[in-house]
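# Architecture and fold: a report
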Amino acid sequence: MLRVNNPYIDPAEERWYHLGFGPSDEVKVMFHDVKFVCMGGKDKRMEEYAKYLHQVLNEPENSVYEEGTKDLRNLSASAGRYCMYKVGSALSVSHGMGMPSFQILLNELFKLLAYAECEDVSFIRLGTSGGLGIEPGTTVVSKQGYSSMLKPYFTQVVCGKETNYDSMCDESLRSQLLACGKRLGTKIVAGNTMSCNGFYEEQGRLDGAMCTFTPEEKMAFLRKAHDECGIVNIEMETNMFAAMCNRFRVKSASICVTILDRMNGDAAGITEAEYKRRERQPLEVVAELIKSSST
């Protein structure tokens, strides 16, 4: 059973502000059977994913709908921060952009699912990324999240002090996702992922509003990340996400499609249709995992 490691929480005063609700008997019943938490940056992506998963799983009865309809209900609509849909034993949740937004969400999801007395829950991040030395359109299942300083751990600052936490993703969950991807014919690999606190300068992009480094410095940084650290994609969340899940003792996986190879430039140069096709790949792989786990 999931447990919150915080002696200062008073359950009688709890409210998950950014989710828009708090503890109740109804909430405990509604979330008790959750086994998968699927998370991605965009509200629209995760709303569409919820609808897609609903079809793939043949409209499971333990989904949560708007009253008197078969329309999936956004359980966090009142808070206006994230979206959250329950499809069978899976949640589809948006986490916003970057580690700070995502970390707020994880804290409240952990508390929610611990309150609901959930067991054996897998947390999966789905998204897009920039590749390093791999063919664009390849889907990456992360082994470990690296920081933008190329460190294989997440550094948490608490009360002015730094603590480093392990950022390795769960090996068994990664193996399952790789197997699902191969069954679907998806071009899929495992590798390390670098997570940055920004989209432009920290990722070594030359196309931001400001740039304080040369193209040669950019390439030296990207080559070092790839050659010395085994990093094959770059995004903005996995390093923190994996560390938080390890601290809470739940399984984590991060699966992101690569939109471009950053070794060859900073712009994707693909059509909107091709972008949408690539964006859908991780969603299909995770849906295959959930479907196979429920049969």
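About the criteria used
Residues numbered from 1 in each chain as written. Predicted model: local features only at pLDDT ≥ 70, side-chain atom pairs only at ≥ 80, totals over all residues. Heavy atoms only, no water. Helix = DSSP H or I, 4+ residues; strand = E, 2+ residues; numbered from the N terminus. Expected span 1.5 Å × (residues − 1). Buried < 20%, exposed > 50% of the residue type's maximum accessible area, 1.4 Å probe, protein only. Arc of directions from axis to C-beta. Polar contact = N/O pair within 3.5 Å; in protein donor to acceptor, adjacent residues only side chain to side chain. Contact = heavy atoms within 4.5 Å. Phe/Tyr/Trp six-rings, centres within 6.5 Å; stacked < 30°, edge-to-face > 60°. Pairing = 2+ DSSP bridges.

It is worth spelling out helix α4 (residues 171-183) at this point. Helix length check: α4, at 13 residues, gives a terminal C-alpha distance of 19 Å against a target of 18 Å (1.5 Å per residue), a fit within 8%. Within the sequence span of α4, burial applies to L173, R174, L177, L178, C180 and G181. Each buried residue of α4 lies within a common arc of 160 degrees when the element is viewed along its axis, so the set occupies one face. Exposed and oriented more than 90 degrees from the buried face of α4 are E171, K182 and R183. Of the residues trailing α4, G185 is marked for its positive phi of about 80 degrees.

Structurally, S167 can be placed in the loop between β7 (161-166) and α4. At a separation of 3.3 Å, a polar atom in the side chain of S167 contacts the main-chain carbonyl oxygen of P152. If sequence neighbours within four positions are ignored, S167 has contacts with Q144, G145, P152, Y153, F154, N239, A242, A243 and N246.

Our focus in this paragraph is helix α2 (residues 43-56). The terminal C-alpha atoms of α2 lie 20 Å apart, and with 14 residues this matches the ideal 20 Å at 1.5 Å per residue to within 8%. Looking only at α2, the buried set comprises R45, M46, Y49, A50, Y52, L53, H54 and V56. Buried residues along α2 sit in contact with β1 (36-40), β2 (84-87), β3 (90-94), β4 (122-131) and α7 (272-293).

For any pair of aromatic rings, the description consists of the separation of the ring centres together with the inter-plane angle of the planes. One pass over the full model with this rule turns up eight aromatic pairs. Ring plane angle 15 degrees and centroid distance 5.3 Å describe the contact between F102 and F241, whose orientation is recorded as stacked. In this pair, F102 sits in helix α3 (residues 99-115) while F241 sits in helix α6 (residues 238-248), placing the two residues 139 residues apart along the sequence. Judged by relative accessible area, which is 0%, F102 ranks as buried. Here F241 falls in the buried class, since its relative accessible area comes to 0%.

As for its placement among the helices and strands, P152 is situated in the loop between β5 (139-146) and β6 (153-158). On the basis of relative accessibility, which here comes to 32%, the residue P152 falls in the partly exposed class. For the pair P152 and Y165, spaced 13 residues apart in sequence, the C-alpha separation works out to 9.1 Å. Setting aside chain neighbours within four positions, we find P152 in contact with Q144, G145, Y146 and S167.

Looking now at the pairing of strand β9 (residues 231-235). By the criterion of burial, β9 is predominantly enclosed, with five of the five residues buried. Bridging between β4 and β9 involves two bridges; their strand directions are antiparallel. Residue pairing across strands places G131 opposite N233, the latter belonging to β9. Examined bridge by bridge, strand β8 (residues 188-195) and β9 share four bridges and lie parallel to one another. Each residue of the ladder has a partner; that of M194, found in β9, is I234.

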